[in-house]
Amino acid sequence: MKTSFYQKFKWYCLFALISVFITGTAEAQSLPLPVSWKFKLGDNMEWATQSFNDAAWSTKQIGSSWAATGMKDNVYAWYRIKVVIPSSMKSAENGKGLKLNLGKIDDVDQTFFNGKMIGQTGSLPPHYETKWDAERVYTISEKDILWDKENVIAVRVFSLDVGGVGMYQGPYNIGRIQFSDFISIQHTITETADHGFITKIDFTNKGNYAFNGTVKYWIEDKNAKEVYTETKPVQVKPEQGSETEVAFTDYHPVNARPTDLSGQEKIFKVGYQVIQNNSTATVKNEQVYLADKQIDIKVAAEPKPVVAYKIKDVFTPVPLQNQILEGYMGKRFTQNLDERLLKIDENGIMCGYLQRPGNHPWIGEHVGKYLESACNVWKVTHDVRLKEQMDRMMYELINSQLKDGYLGTYTPDNYWTSWDVWSHVYNLEGLLAYYTTTGYQPSLETCKRMGDLLCTTFGNKPGQRDIVLAGEHVGMAATSVLDPMVELYRYTGEKKYLDFCFYILDSWEQKDGPKIISTLLSTGKVNKVADGKAYEMLANLVGLVKLYRITGDAKFLKPVLIAWQDIVANRLYITGTTSSFEVFKGDDILPAEEKDHIGEGCVTVTWIQLNQNLLDITGQLKYVEQIEKSIYNQLFGAENPESGCVSYYTPLMGVKPFSCSITCCTSSVPRGIALIPYFTFGNVRNVPTLMLYGPATYKENYTTADKKNIDLSLQIESNFPDDGNSVITLKTSKTAFFPLAFRVPSWCSSFIAEVDGKEYKGTDLQYLVIKRLWKSGEKIKVSFKIPIQILKGGKSYPGQIAFQRGPQVLAFDNSLNVDLIKKYQFGSDQKLLVEKPGNKSDAALLPEQWIGKQAYKVNIIDKEANATNHQLIMVPFADASQTGGDIKVWMPLNVSNNR
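Here the structure is a predicted model, which means the values were calculated and not measured.

Caption draft 1: Spotlight on the sheet that holds strand β5 (residues 58-61). Strand order in the open sheet formed by six strands is β5-β4-β6-β11-β8-β9, with antiparallel pairing between adjacent strands. If you trace the sheet from one side to the other, it starts and ends with β5 and β9 (116-121), each paired once. Averaged over all neighbouring strand pairs, the angle between strand axes comes to 30 degrees, with direction disregarded. Bridge count between strand β4 (residues 36-41) and strand β6 (residues 75-84): four bridges; the pairing is antiparallel. Paired with K40 across the two strands is W78, which belongs to β6.

Caption draft 2: Main features of the packing of helix α6 (residues 420-438) against helix α9 (residues 482-492). One can describe the packing of α6 onto α9 by two numbers: an axis separation of 9 Å at closest approach and a directional angle of 35 degrees. Considering only the axes of α6 and α9, their crossing is left-handed. Residues V425, L428, E429, L432, Y435 and T436 of α6 form the contact with α9, whose own contacting residues are D483, P484, M485, E487, L488 and Y491. Looking at the contact of α6 with α9, its residues break down into eight nonpolar, one polar and three charged.

Caption draft 3: Spatial organisation of the pairing of strand β32 (residues 749-755). As paired elements, β32 and strand β35 (residues 779-785) share five bridges and run antiparallel to each other. The residue of β35 that forms the bridge with I752 is S783. Direction of pairing for β32 relative to strand β33 (residues 758-761): antiparallel, over a ladder of four bridges. Bridge assignment links A753 to a residue of β33, and that residue is Y760. Here β32 folds back onto β33 in antiparallel fashion, the turn holding two residues, of which D756 has a positive phi close to 50 degrees.

Caption draft 4: Structural view of α9. In terms of burial, α9 is largely enclosed, as 11 of its 11 residues are buried. Within the sequence span of α9, burial applies to L482, D483, P484, M485, V486, E487, L488, Y489, R490, Y491 and T492.

Caption draft 5: Quick look at unusual backbone geometry. A cis amide bond links D106 with the next residue in sequence, D107, at an omega value of 5 degrees. Counting through the fold element by element, D107 comes out in the loop between β7 (98-106) and β8 (108-113). With an omega of 0 degrees, the peptide bond between R356 and P357 qualifies as cis. By the secondary structure assignment, P357 is in the loop between α3 (346-354) and α4 (365-381). Backbone geometry places D588, a non-glycine residue, at a positive phi of 60 degrees. Classification of D588 as partly exposed rests on a relative accessible area of 33%.

Caption draft 6: Geometry of the side chain of T199. In this fold, T199 is placed in strand β15 (residues 197-205). Owing to a relative accessible area of 0%, T199 belongs among the buried residues under this scheme. At 2.5 Å, the side chain of T199 and the side chain of Y217 are in polar contact. Excluding anything up to four places from it in sequence, T199 contacts H187, T188, I189, Y217, V246, A247, F248 and V270.

Caption draft 7: Broad picture of the state of the cysteines. Going through the model one piece at a time under the given rule, you end up with one disulfide. Each sulfur in the disulfide pair C645 and C660 lies 1.8 Å from the other. In this structure the cystine formed by C645 and C660 twists about its S-S bond by roughly -90 degrees; its chirality is therefore left-handed. Highlighted residues: C645 in the loop between α15 (621-637) and β23 (646-647) and C660 in the loop between β25 (658-659) and α16 (664-674), separated in sequence by 15 residues. Not part of a disulfide, C501 finds its nearest cysteine sulfur in C455, a span of 8.4 Å. C501 sits in the buried class, given a relative accessible area of 0%.

Caption draft 8: Structural detail: the packing of aromatic side chains. Enumeration according to the criterion identifies 48 aromatic pairs in this entry. With centroids separated by 5.0 Å and ring planes inclined at 55 degrees, the aromatic side chains of Y76 and F158 adopt a geometry described as tilted. With Y76 in strand β6 and F158 in strand β11 (residues 150-159), the pair connects residues that are 82 residues apart, well separated along the chain. Judged by relative accessible area, Y76 falls into the buried class, the value being 19%. What makes F158 buried here is its relative accessible area of 2%. Consider the rings of W422 and Y535, whose centres lie 5.1 Å apart with planes at 85 degrees: the pair is edge-to-face. Residue W422 is found in helix α6, and its partner Y535 is found in helix α12 (residues 534-551); the two are separated by 113 residues along the sequence. Each member of the pair, W422 as well as Y535, is classed as buried.

Caption draft 9: Inspection of the sheet that holds strand β21 (residues 315-317) at higher detail. The sheet built from five strands is open, its strands ordered β21-β26-β27-β31-β34 with mixed pairing. Each edge of the sheet is formed by a strand with only one pairing partner; in this case those strands are β21 and β34 (766-774). Averaged over all neighbouring strand pairs, the angle between strand axes comes to 30 degrees, with direction disregarded. Judged from the three bridges that link them, β21 and strand β26 (residues 681-684) form a sheet pairing that is antiparallel. Within β26, the residue paired with T316 across the bridge is N683. Against the sheet, α15 makes contact with β31 (736-744) and β34, and its axis sits at roughly 55 degrees relative to β31, the strand it touches most.

Caption draft 10: Inspection of the pattern of salt bridges at higher detail. Applying the stated criterion to the full structure yields 40 salt bridges. The salt bridge partner of D338 is R385, with a shortest N-O separation of 3.2 Å. One end of the pair, D338, is in helix α2 (residues 327-341); the other, R385, is in helix α5 (residues 384-398), and 47 residues separate them in sequence. R385 sits in the partly exposed class, given a relative accessible area of 46%. Among the salt bridges present, the one from E487 reaches K546, with a minimum N-O distance of 3.8 Å.

Caption draft 11: Representation of the layout of surface pockets. The space that makes up the second largest pocket amounts to roughly 1400 Å³. What lines the second largest pocket is a set of 44 residues, and nearest its centre among them are E302, K379, R490, Y491 and Y678. Residue composition of the lining of the second largest pocket, by class: 19 nonpolar, 10 polar and 15 charged.

Caption draft 12: How the structure looks around the environment of P125. Along the chain, P125 falls in the loop between β9 and β10 (135-140). What makes P125 partly exposed here is its relative accessible area of 38%. Each C-alpha atom, one on P125 and one on L160, is 9.2 Å from the other, the two residues being 35 residues apart in sequence. Not counting residues up to four positions away in its chain, the partners in contact with P125 are Y76 and F158.

Caption draft 13: Structural detail: the nonpolar core. If you look at the biggest cluster of nonpolar residues, it comprises 173 residues, and the most contacted ones within it are Y370, V481, M485, F500, I631, F742 and I780. Considering every element that reaches this core, the biggest residue donor is α12, with 11 residues. Ignoring sequence-local partners within four residues, the contact set of I631 consists of M329, I608, F636, I676, F679 and L692. Core analysis: the next-biggest nonpolar cluster, separate from the first, contains 29 residues, W66, I140, V155 and V157 among them.

Caption draft 14: Quick peek at the packing of α3 against α4. Look at α3 against α4: their axes get within 8 Å of each other, and the N-to-C directions meet at 125 degrees. It follows that α3 is oblique to α4 by the angle criterion. α4 is crossed by α3, and the crossing has left-handed handedness. The residues of α4 that touch α3, namely those facing I349, M350 and Y353, are H366, V367 and Y370. Residue composition of the contact of α3 with α4, by class: five nonpolar, one polar and no charged.

Rules used in this analysis
- Residues numbered from 1 in each chain as written.
- Predicted model: local features only at pLDDT ≥ 70, side-chain atom pairs only at ≥ 80, totals over all residues.
- Heavy atoms only, no water.
- Pairing = 2+ DSSP bridges.
- Helix = DSSP H or I, 4+ residues; strand = E, 2+ residues; numbered from the N terminus.
- Axes fitted to C-alpha atoms, helices over the stretch in contact; angles between N-to-C directions.
- Left-handed = near helix turned anticlockwise from the far one by under 90°.
- Contact = heavy atoms within 4.5 Å.
- Nonpolar A, V, L, I, M, F, W, Y, C, P; charged D, E, K, R; others polar.
- Buried < 20%, exposed > 50% of the residue type's maximum accessible area, 1.4 Å probe, protein only.
- Polar contact = N/O pair within 3.5 Å; in protein donor to acceptor, adjacent residues only side chain to side chain.
- Disulfide = S-S within 2.5 Å.
- Phe/Tyr/Trp six-rings, centres within 6.5 Å; stacked < 30°, edge-to-face > 60°.
- Salt bridge = Lys/Arg side-chain N within 4 Å of Asp/Glu carboxyl O.
- 1 Å grid on protein atoms, 1.4 Å probe; cavity = no way out; pocket = protein on both sides within 12 Å on 5 of 7 lines; lining within 4 Å.
- Points joined across faces, edges and corners; volume = space filled by probe spheres on them.
- Core = buried A, V, L, I, M, F, W, Y, C linked by side-chain atoms within 4.5 Å.
- Parallel < 35°, antiparallel > 145°, perpendicular 65-115°, else oblique.

Given below as C-alpha cells:
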C-alpha cells in the first residue's frame, strides 16, 4: 500500500447497524472528467497557463499514485487536462457557475482553470499543512468558461513524503451548482423491537437557501422487489442552520413480530430520492441494511477441491480443529482472537459495501482479510462469538454484490481504477476461505460471479480492459488476483478461471507490464522488478507458486525460487521481514529505524505465505526456519499483546507505532497469526512430524505403512521458548509400528530425543526420525540447548551487534532500563564492553503489568574500574515496546572475551 499516507487515516463510517448517518450525493447533469491526464514531476508556474504545450508530458491515470516513479521527498507534480464544457450546462442557480469535483489529493493542491487559480487545499512549505483527506470541490465562474470550446484544468500537487499519491480518489467531474451544495442531507436508520427499523432524513441549511421539494422513500428485499414505499413533502427555511426532519414508518418484516426472522427476509436495500420542485436536480441514496443481526450458518462437510494439485504436497498439517495451542504461542493466538478479531470495527470495514462508495480507495480489502483470519481461528477455537460475527459479515458482504457480479466499493464511474480489483482479490480469498470452512454454497456462488465478471472485463479481446492499467504498482496490485483465481479454478473446475490466470502471466510481460518472471530470470533480484513494491510482488509470487502446484509446470516455480533466494541472501531483516518504505532495497541495505518505515505487516504475512507454499511442496526445513523467525519476531512484534493494536511498520530501532485504526496491516497481521496452526504439526511424506515447539495437543487419524488406521495424539509439555525441554506423551488407539519425526532447528545445539531409555541425536536443519513399535502412553523426552548468538550489523549498522536466542531476536527497551540510560546514552559512537547475555530468563526483572515472562540480563563492564557495575535488561523483540518504550536491536557494544 501507499507509505506514510496510509497511516494518516483514522477510519470512520457514519453507517452503523443501529444508527446510520449518510450524506447524499447529487444526481444532476454533470460532465465526467477523463481518467488519463497529462502528468509531470517538477514545478513551473507556466504549466498553469492555458497556452502551455504539454504534448511531451507523460500520461497518468487519476485515482492512482505516482509512487512508482522513483521520486524523492518534498516533490511537486502537475496534472493537466483539456475539457470541452457544453453551453447546455449553464447553471440555473442565478449564474452561480459550475463546480469542479477533484476528489481527494495527497497532500496539498493548487488548482487552476484556464490559468486562473480557483482553489487551494492545504498549505505549501514553509507553512506546510496537509489536508489529504479533504474533498476538493472548487467553483468555476461562468465568465471564465469557454463554452463549447477547450478549457484547461491544471492541478499543482505537493507531497511531503516519498510515497506520493497525488489525485488518489474521485469523484472527478464538472457539475451544476444545485440545492445539494447548500442543503446537507443525512439519512438515519434506527433499529426498533422485533427486527423493525425507523428511517429519518435530516435536512440542514448550510446557507440561506430556500428549498421546497419531496422525498421518496423505499425498501426493497434482496431480490429487488419493492416491499414498502412512501413520498413526503419537505421544506427547509432560508436560514443558515435551519433544520427539517422527515420521518418514515416503523417498518417490520412480514410475520417477523415478535419472533425471529427464520424463513423471512433478513436483509434489505433502503433508499430515498430528494427532488426539488420545478427542477430536475435530485439526490439519490441507497444502502444495504441487515434487519436481523443473528445470522446462523450451519456448518456442512468440508468441501473437497474439484481439481487436485498436480504437485502433491510433501507436508500436510493436521486439521486445525485437531490442534490445541498453549503456552506462549497459544496465548498470542488467543489474544489475536480476543483483542483483535472480536474487537474489529465491523461497521468501519463493511460500510463501503453497504453504502457505496467507500470512504477511501482500499476500504474494500478489509472484510475479505477478516473472513480468512476468522475462518482459520474458528477452526481451532470454535469460538461461538467469532462464528456469529463472521456469519453476519459474510452475509452482508454477499448480499451487497451487484447483479453483474461486482463486489467492490466504487461507483460505476470509477470501476476498475486504483484499488478496485484489489478489493475483489481479498473478497475472493475471504469468501473462498468461508466456503471451505463451512461448506456454505452461496459463498462460492458469489465468488463465481466475481470470477465471471473479471473474466469478461479483462483480457485481450476487443472491448476488454487491460488488467495492468487497473491497479497500482505497474499493475501488480491488480494482477495479484492470480492467487484466488487459481483457488477458484481448484474448487470449481471451470477452465475459464485457469485461462484467466494465464492471461495474467501474459499481462506481466506486455510492454507496460511489471515483467515479474522475465526480470527475475534475467537479474535474479526482486528490487529490479517493476517498482520494487514488496507486498504486491510477493502476493503475485504466491499466486505463481500456486499455479505451479495446479499445473505442474516447472517454469512457474523457477522465478519463485530465485526471488526467495535473493530475499534471504540480500533483503531479509534478522526479525524475518523485508522492505523499507514498502519496497525492496539494494543488496544488504537494511535500515531499521522508525523513520525508515520497515517491515510493513502485510509484507511479513505474505512472506510467510510464500514460505508456506514452498514448505508444502518440498518439505524442506529452510522454509520452516523462515516462518518461525517471522512468527516469533516480526509477526508477534507487530501486534500489541495487551490492546490488539497493530504496528503498520515495526521498527527494530525506536517506538513501535501501534494503532487500532483500520489499515491494511491491522487486517493482515491477524491473518498471519491465524496461519500458525498450518506449521505446527503434520505429516512429511506420511511421517508424523513436529515442526514447532511449545506446549500443545495434536490429534490425527493416521494410516501406517502396513495399512493400520489409528487415532494418534501428541500431548506436549514444554516451557518453550524459555527452554528447550519437552515431554511428549504419545497416545494411540492401538499398538503400531510407524515413524515419528522431529524438526531439528538450525539455532539449537545438543538435540536429543529419549524414548524408553534410548537416546536419539539430531543434526541441525534435518529431521530426526524415530521408527519403532509405539504403545499408547509412551513418553518422549526432547531436549536441546538454546545458545545466544551474536549477530553483526552489516552494511546498515557497521560495528554494532544484536543478540539472538533461539528463533527470538532480543531487544533493549528503555522503559525497562531507566536507571541505566541515565548513565549510558547508547549513541552510535559509543562502544561499551558487555558480557554475553545470560541464557536463563528472569521474569522478576519485568514490571507487573508486562505481558510475557522472558527477560535476560547483560552485564556492562566498566573498563576503568575493571568490574561489572551495571546490568542491561533485554527482552524478546516481539514483547518489546508494548508499553511504549523506545527499543534498540542493533547496539554499539563490544562483547567481552570473558564469556
